[in-house]
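Take a look at the letters that make up each chain.
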2 protein chains.
Amino acid sequence: MLIDVPVVSLPRVVIVGGGFAGIQLVKHLHGKFQVVLIDKTNFHTFQPLLYQVATAGIEPDSIVFPLRKLFKGYRHFHFRMATATGIKRNEKTLCTSIGDIRYDYLVIAAGSDTNYFGMEKLMANSMPMKSVSEALDLRSCILQNFEKALITSDPGERERLMTYVIAGGGPTGVELAGALAELKRHVLPKDYPELDFRQMEIHLVEGAPRVLAAMDKISSEKSQGFLEKLGVYVWTNMRVTDYDGKTVTANGEKRFETSTLIWAAGVSGNTLPGLDPKNARRDGRIPVDEFCRVKETDSIFAVGDIAYMEEQAWPSGHPMVAQVAIQMGKLAAENIIRSAQKKTMKAFAYKNKGSMATIGRNKAVAEIKNWKSQGFIAWMIWMFVHLMSIVGFRNRVVVLFNWVISYLNYDRGMRLIIRPFRSRKEQKEHGSNQ
Amino acid sequence: MLIDVPVVSLPRVVIVGGGFAGIQLVKHLHGKFQVVLIDKTNFHTFQPLLYQVATAGIEPDSIVFPLRKLFKGYRHFHFRMATATGIKRNEKTLCTSIGDIRYDYLVIAAGSDTNYFGMEKLMANSMPMKSVSEALDLRSCILQNFEKALITSDPGERERLMTYVIAGGGPTGVELAGALAELKRHVLPKDYPELDFRQMEIHLVEGAPRVLAAMDKISSEKSQGFLEKLGVYVWTNMRVTDYDGKTVTANGEKRFETSTLIWAAGVSGNTLPGLDPKNARRDGRIPVDEFCRVKETDSIFAVGDIAYMEEQAWPSGHPMVAQVAIQMGKLAAENIIRSAQKKTMKAFAYKNKGSMATIGRNKAVAEIKNWKSQGFIAWMIWMFVHLMSIVGFRNRVVVLFNWVISYLNYDRGMRLIIRPFRSRKEQKEHGSNQ
């Protein structure tokens, strides 16, 4: 079966993924190519705020934006909601769940997903948070834990339900731990006056010697300080090695009793079958040259989280963050235009605009070039940058309004179990997740 | 197993259901009783706007409100997320999914659910819209239909995917039909320029001789006119009798080819086992006396949709609407207080504050006492009344903001398939609804 899009005189670029890189590509290729965008959802997700969806701070609908709406009125643009399943390189064809499509240029911008490094028990029992539906599952799971803690007569079970272990001390883990700590401090005790919140423990477990290891040491130290001030237990040089649904094992010996392990300790690229297997990397990322072109191809590009580009400044690839994806998306669009015009392509040069993470109310760390800031100013910058990066005016206003209301009331308004979460075990026993 | 709530010197009222009636009861009984509220969700739902969630106009999180947050700081108040399963009258005990609980007074305010009048094929194949998750399923289903219509090569299937049949011409059916017609007119053609929207048909099928049969004739006529102006086909004196997933049969002979039948043609009370079976009604409503007390009991009350009270002015019970629920909730609270004080109880006297329905932009019908209005003024009143009735300041602001943006841009922003909808058949074949 073929995906039915009109044949026009323009060459066709097929893009897999409507994330940060994908939307840049569509914008910059518009008018010069026929563009076909494939995504498994019909919306763009602003991933940096998923943790606020998971912790009841904002509604999911405000951090996503319909892809069709985003590209409304674009000529020679076609969106198809589908999953890419493979590449037939010799036929210049992408295979998807709804049929095949020929391309002149193919861009793989499929992003990354949670990586459990092959630990199946961990995967079966822990909560990931890489998509809106996973963030909503986590929101339901957290709230259900407290409803369950209220009705159990087993003190051990109650403690497990009120204990959270987060594996991974990168920005996601740090921001989640901070948000959970604020729920514990300001919100949940009012909702559950019958529970003793001294029992609620939040553990952040990081394999490296410090949290936010990609940032400067001062940021790591400060954010660990902020977390500890909020009551989070921070464990560094510690790797989660096993979890059976009740007990987390770290470094093979340390144990945490918990019913909720949130896994933010690794991601891997959403790679596609059909590329040269000798280039395959274990982490699913696709090796590309300095032009974002997949090695040993001339019409396939890979950008964003999924692209692995070795550079002198980044010997093990660029960080898997939005800024890299945006810049690679723009560059790949430019290089495709140049390639079609038989011009030489441009090499990628990452402009690191800085990085930041928020821990809680008035507490963030930010690094912009050589300027470093911790605390209130960093927090204001964090909010401004994130607000401006959300797609859509309506979304920005609603998120800002939520933040203002939450700030004034020390509250998180979205404490809703709209679709109860069921673990895989429960799903097997009771049927579908409704 | 028992539900564990502290024993205090106050008598205990157990309320089943946190809808319009339930929240009035909690508010009015507060301080005078120990109040235990049971609900299967942890939030109150503003049902009159579910149709806007289903048609991508507003986010679900803005029409629901966490029950724990609503009653924050209430003393001797306990919420439990659970499903009521039965009543042991002799032991004054309510049975629930998480255990039993003794009551001094029990109030059944469990509302109503979709009624298919025993037609199992209809139930298996049509879409209900009585809860937030059902409205979200409908939103996903509608958007998925257009994604599918785009990729099918079968013209018959495409027409079925673009045809909507709504059974039931009450306020829900009328408002849904109008909202779908506006999606067709202003929104979807921009999203799907490749589809021919002359193929999109919306049929509203009503068994009575007119839509909005509970309202005045002028309102029925005007709203039918509004609907037809928007391109909706209105079929009166016609009852849907069968649906196999492809063909709707009405009056045993008329056929509509569609992949989506929305069922808004009947509701029945969410009754509980354990009441006197000789009082049981086929529609699941519970017969109550003029004090909202369940017949032949003295400590069980029923209020709202589930209560069936015969009155001279309402020989077949009161309409199953929010106003009745709110007024019955208040009265039942007062009567419980009076009963505890051994005072005589008050009889219910329904104050009909009017009724209204919106069809689309600037188009609504409203009846307030003897005053009737159709068009723009009615539409403004409809918006004001609904906005003021939504629980929570944040929710009101966000809904108003969505309405303003949608009005200015002729848009519906929430066109998101966050959790794809799968029919029961698909769920059976492919596993859970994720």
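What you see is a predicted model; the values in this text were computed from it and never measured.

Asker: Mind showing me how you'd approach the sheet that holds strand E14 (residues 240-243) of chain A here?
Answerer: Backbone hydrogen bonds hold the strands of a sheet together, and the pairing may be parallel or antiparallel. Residue and element names in this part refer to chain A. Ordered in space as E14-E15-E16, the 3 strands form an open sheet in which the pairing is antiparallel. Only two strands of the sheet have a single neighbouring strand rather than two, namely E14 and strand E16 (254-257). Between one strand axis and the next, the sheet turns by 25 degrees as a mean value, whatever way the strands run. Here strand E15 (residues 247-250) runs beside E16; their pairing, made up of 4 bridges, is antiparallel. Across the sheet, Thr247 pairs through a bridge with Glu257, a residue of E16.

Asker: Got a minute to help me understand the sheet that holds strand E14 (residues 240-243) of chain B in this structure?
Answerer: Residue and element names in this part refer to chain B. If you trace the 3 strands from one edge of the open sheet to the other, you get E14-E15-E16, paired in antiparallel fashion. Here the strands that pair on one side only, and so sit at the sheet edges, are E14 and strand E16 (254-257). Here the average twist between neighbouring strands, direction ignored, is 25 degrees.

Asker: Before we go on, may I ask you to explain the interface of chain B and chain A in this structure?
Answerer: Interface size, as often reported, equals the accessible area lost upon joining of the parts. Taken together, the contacts link 38 residues of chain B with 37 residues of chain A. For the side of chain B that touches chain A, the secondary structure elements donating two or more residues are strand E4 (64-66), helix H3 (67-70), strand E5 (77-81), helix H5 (132-151), helix H7 (171-191) and helix H11 (393-409) of chain B. In terms of residue class, the side of chain B that touches chain A is built from 18 nonpolar, 8 polar and 12 charged.

Asker: Help me understand the environment of A:Gly18, please; the structure alone is not making it clear to me.
Answerer: Residues and elements named next belong to chain A. Turning to its location among the elements, Gly18 is positioned in the loop between strand E1 (12-16) and helix H1 (20-29). By C-beta crowding, Gly18 is classed as buried, having 29 other C-beta atoms within 10 Å. Along the sequence, Gly18 and Ala110 sit 92 residues apart, while their C-alpha atoms lie 7.8 Å from each other. Excluding residues within four positions of it along the chain, Gly18 makes contact with Ile23, Leu37, Asp39, His44 and Leu67.

Asker: Hey, could you run me through the domain arrangement of chain A in this one?
Answerer: Domain boundaries in chain A define domain 1 (12-40 + 82-114 + 268-340) and domain 2 (120-265 + 361-423). Of note, the centres of domain 1 of chain A and domain 2 of chain A, computed from C-alpha atoms alone, are 32 Å apart.

Asker: Please explain unusual backbone geometry as it appears in this structure.
Answerer: Note: most residues except glycine have negative phi, and most peptide bonds are trans. All names here are of chain A. Its identity is not glycine, yet Asn251 carries a phi of approximately 50 degrees, on the positive side. Among the secondary structure elements, Asn251 is positioned in the loop between E15 and E16. Here the phi dihedral of Glu296 falls at roughly 60 degrees; this positive angle occurs in a residue that is not glycine. With respect to the helices, strands and loops of the structure, Glu296 is situated in the loop between strand E19 (286-287) and strand E20 (300-302). Looking at Glu296, the number of C-beta atoms within 10 Å reads 13, which means it is partly exposed.

Asker: It is not clear to me how the relation of the copies chain B and chain A should be interpreted in this structure. Could you clarify?
Answerer: In this structure, two copies of a chain are linked by a rotation about an axis accompanied by a shift along it. Take chain B, turn it by 180 degrees, move it 0.0 Å along the axis, and it overlays chain A with an RMSD of 0.0 Å. This pairing of chains is accounted for by a two-fold axis. Taken as a fraction of all interface residues of chain B, those also at the interface in chain A reach 97%, which identifies the copy contact as same-surface.

Asker: Teacher, can you tell me more about the nonpolar core here?
Answerer: Soluble globular proteins tend to pack their nonpolar side chains together in the buried interior. With 272 residues, the main nonpolar core has A:Val107 and B:Val107 as its most contacted residues. If we skip the residues at most four places from it in the chain, B:Val107 touches B:Val13, B:Ile15, B:Val16, B:Leu25, B:Phe301, B:Val303 and B:Ala332.

Asker: In this structure, what is going on with the pairing of strand E13 (residues 232-235) of chain A? I would like to understand it.
Answerer: Two faces make up the sheet, and in a regular strand the side chains alternate between them. Residues and elements named next belong to chain A. Two elements, strand E12 (residues 201-205) and E13, share 4 bridges in a ladder whose sense is parallel. Each bridged residue has a counterpart across the sheet, and for Leu204 the counterpart in E13 is Val234. As for the winding sense of the linkage, the β-α-β connection from E12 through helix H8 (residues 217-229) to E13 is right-handed.

Asker: Before we go on, may I ask you to explain the packing of helix H11 (residues 393-409) of chain A against H11(B) in this structure?
Answerer: Two numbers describe how H11(A) lies on H11(B): the axes approach to 11 Å, and their chain directions differ by 165 degrees. When the interaxial angle is binned, H11(A) and H11(B) end up roughly antiparallel. Taken as a pair, H11(A) and H11(B) cross one another with a handedness that is right-handed. Together, A:Arg394, A:Val397, A:Val398, A:Phe401 and A:Ile405 of H11(A) and B:Arg394, B:Val397, B:Val398, B:Phe401 and B:Ile405 of H11(B) make up the contact between the two elements. The class makeup of the residues in the contact of H11(A) with H11(B) is 8 nonpolar, no polar and 2 charged.

Asker: I would appreciate a short explanation of the environment of B:Arg285 in the present structure.
Answerer: Residue and element names in this part refer to chain B. Relative to the assigned elements, Arg285 resides in the loop between strand E18 (267-269) and strand E19 (286-287). Residues Arg285 and Lys148 lie 137 residues apart in sequence; the distance between their C-alpha atoms is 40 Å. Other than its neighbours up to four places away in sequence, Arg285 contacts Gly269, Ile306, Ala307, Tyr308 and Gly317.

Asker: Please clarify how helix H7 (residues 171-191) of chain A should be interpreted in this entry.
Answerer: The periodicity of an α-helix, 3.6 residues per turn, causes residues three or four positions apart to be oriented the same way. Compared with the 30 Å implied by 1.5 Å per residue over 21 residues, the 28 Å span of H7(A) between its first and last C-alpha is a close match. Where H7(A) bends most, at A:Lys184, the angle is about 50 degrees.

Asker: How should the packing of helix H1 (residues 20-29) of chain B against helix H9 (residues 322-340) of chain B be read in this particular structure?
Answerer: Working note: a packed helix pair is described by the angle between its axes plus the distance between those axes. Residue and element names in this part refer to chain B. Taken N-terminus to C-terminus, the directions of H1 and H9 make an angle of 30 degrees; their axes are 7 Å apart at the nearest point. Classified by the interaxial angle, the pair formed by H1 and H9 is roughly parallel. Considering the relative orientation of H1 and H9, their crossing is right-handed. Of the residues in H9, those in contact with Phe20, Ala21, Gly22, Gln24, Leu25, His28 and Leu29 of H1 are Ala322, Ala325, Ile326, Met328, Gly329, Lys330, Ala332, Ala333, Glu334 and Ile336.

What counts and what doesn't
Every chain is numbered independently, its residues counted from 1 as its sequence is written. Each chain takes a letter, starting from A, and each ligand takes a number, starting from 1, following the order in which they are written. The model is predicted, so local features are restricted to residues of pLDDT at least 70 and side-chain atom pairs to those at 80 or more, both for listing and for counting; the totals for chains, interfaces and linings are taken over all residues. Following DSSP output, two strands are said to pair if at least two bridges run between them. Here a helix means four or more residues in a row that DSSP labels H or I, a strand means two or more in a row labelled E, and each is numbered from the N terminus. To obtain each axis, a line is fitted to C-alpha atoms, and for helices this fit is confined to the stretch in contact; angles are then taken between N-to-C directions over 0 to 180 degrees. Residues are treated as contacting if the C-beta atoms built from their backbones sit within 7 Å of each other. Each residue is assigned to one of three groups, with Ala, Val, Leu, Ile, Met, Phe, Trp, Tyr, Cys and Pro labelled nonpolar, Asp, Glu, Lys and Arg labelled charged, and all others, Gly among them, labelled polar. Burial is judged by counting the other C-beta atoms within 10 Å of a residue's own C-beta: 20 or more makes it buried, 12 or fewer makes it exposed, and any count in between marks it as partly exposed, with every C-beta position built from the backbone. Segment limits for the domains were obtained from an automatic or database-derived domain assignment. Copy-to-copy superposition: least squares on the C-alpha atoms, limited to residues that have pLDDT of at least 70 in both copies. Under the definition applied here, buried Ala, Val, Leu, Ile, Met, Phe, Trp, Tyr and Cys residues are grouped into a nonpolar core through C-beta atoms within 7 Å. Note on handedness: a clockwise path from strand one over the helix to strand two, with the strands aimed away from the viewer, defines a right-handed crossover. Each angle is binned into one of four classes, with values under 35 degrees roughly parallel, values over 145 roughly antiparallel, values of 65 to 115 roughly perpendicular, and all other values oblique. Left-handed describes a crossing whose near helix is turned anticlockwise from the far helix through less than a right angle; right-handed describes the clockwise counterpart. To estimate the expected span of a helix, count its residues, drop one, and scale the result by 1.5 Å. Working definition for bend: take the seven residues up to and ending at a residue and the seven starting at it, fit an axis to each, and measure the angle between the axes.

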